[in-house]
Amino acid sequence: PATFPLKLVVTYSSGAVGATGEKTVGLRFTGLNIPQGVKVTDAYLEFVAAGVTGDAEAQVHIRGEDVGDASTFSTASGNITGRTRTTAEVDWTVPVVSATGEFVRSENIAPVIQEITSRSDWCGGNNLALFLDPVATGNTQFFASFDSSSSVAPILRVKFSHTEDLVDGTNGCVSGSAYVPITS
């Protein structure tokens, strides 16, 4: 079986990091070729399991950073947890995985992506950050990170309508489709 030394950890366990034990995961996708204001029809995160950890699911809110061009994450205290979140959020019960290397797909996060790409300061080619914020006690789930290997990095898949179907008040700067693994 494959091994992945660097992992994204999706967890909520009392007594761990922070006052409540929560560990937020931040994902940053760069150079997304999604035109401003197109109608996002489907969007999903895809992960590769980096380990098997018991039989309980983890529960998270998936939110985006409420900016038109997400900056690089840093090691500064609060750099991920202190960023402003989108109003749109999607609840996801992260399934238990049965084997390292298994693929896991999130719930449809189109409302989160739509909120960001409809902003006046968004333009195709910008960077977008997503957060997995823990909401309930559950099991720890491990997923491969970009730092493990770019070939198993989390993937953001986005489907959107043609630029003729723009959200009111937007201009559709850029066109194309997106299949972008995390690069930083």
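Scroll up a little and you will see the structure.
Residues numbered from 1 in each chain as written. Predicted model: local features only at pLDDT ≥ 70, side-chain atom pairs only at ≥ 80, totals over all residues. Heavy atoms only, no water.

**Student:** Explain the overall build of the chain here, please?
**Tutor:** In terms of regular secondary structure, the chain is built from one helix and 11 strands. For the chain, the α and β elements follow one another from N to C terminus as β-β-β-β-β-β-β-α-β-β-β-β. Each of the 184 residues in the chain was classed as buried or not, and the buried ones make up 47%. Nonlocal contacts in the chain, meaning residues at least 24 apart in sequence, comprise 82% of its contacts between residues at least 6 apart. As displayed, the chain has an accessible area near 8500 Å², and 49% of this comes from carbon and sulfur atoms. (Helix = DSSP H or I, 4+ residues; strand = E, 2+ residues; numbered from the N terminus. Buried < 20%, exposed > 50% of the residue type's maximum accessible area, 1.4 Å probe, protein only. Contact = heavy atoms within 4.5 Å. Areas by Shrake-Rupley, 256 points an atom, 1.4 Å probe, with all protein chains shown as cover.)

**Student:** How should the environment of V40 be read in this particular structure?
**Tutor:** Secondary-structure assignment places V40 in strand β4 (residues 40–48). Between the C-alpha atoms of V40 and F160, which are 120 residues apart in sequence, the distance is 4.2 Å. Apart from the residues within four sequence positions on either side, V40 is in contact with A110, I113, Q114, T117, V158, K159 and F160.

**Student:** Can you walk me through the nonpolar core in this structure?
**Tutor:** Most often, soluble globular proteins keep nonpolar side chains buried together rather than apart. Grouped together as the largest cluster of nonpolar side chains are 33 residues, with contacts concentrated most on L45, I109, I113, L130, L132 and L156. When contributions to this core are tallied by element, the ones reaching two or more residues are β3 (25–32), β4, β5 (58–65), β6 (85–94), α1 (110–117), β8 (126–136) and β10 (155–160). In this view, L45 contacts L27, F29, I62, V104, R105, S106, I109, L130, L132, I155 and L156; residues no more than four positions away in its chain are not counted. (Core = buried A, V, L, I, M, F, W, Y, C linked by side-chain atoms within 4.5 Å.)

**Student:** What is the right way to read the packing of aromatic side chains from this model?
**Tutor:** Describing an aromatic ring pair means giving the distance of the ring centres and the angle of the ring planes. Enumeration according to the criterion identifies two aromatic pairs in this entry. Seen in terms of ring centroids, F47 and W92 are 5.8 Å apart; in terms of plane orientation they differ by 15°. Their pairing is stacked. Linking F47 in strand β4 with W92 in strand β6, this pair joins segments that are 45 residues apart in sequence. Comparing F47 with W92 shows no difference in burial state: the two are buried. For the cation-ring pair, R85 lies above F131, with the distance from its terminal atom to the ring centre recorded as 3.8 Å. Its end group placed over the ring of Y44, R105 keeps NZ or CZ at 3.5 Å from the ring centre. (Phe/Tyr/Trp six-rings, centres within 6.5 Å; stacked < 30°, edge-to-face > 60°. Lys NZ or Arg CZ within 6 Å of the ring centre and 35° of its normal.)

**Student:** Would you explain the side chain of N79 in this entry?
**Tutor:** Looking at where N79 falls in the secondary structure, it is placed in the loop between β5 and β6. Not counting the four nearest positions on each side in its chain, N79 is found in contact with T72, F73 and S74.

**Student:** Hey, could you run me through the pattern of salt bridges in this one?
**Tutor:** Under the defined criterion, the tally for this structure stands at seven salt bridges. Of the charged contacts in the structure, one is a salt bridge between D133 and R63, with a shortest N-O distance of 2.9 Å. Here D133 is found in strand β8, whereas its partner R63 is found in strand β5, with 70 residues between them in sequence. D133 gets classed as buried once you look at its relative accessible area, which sits at 8%. (Salt bridge = Lys/Arg side-chain N within 4 Å of Asp/Glu carboxyl O.)

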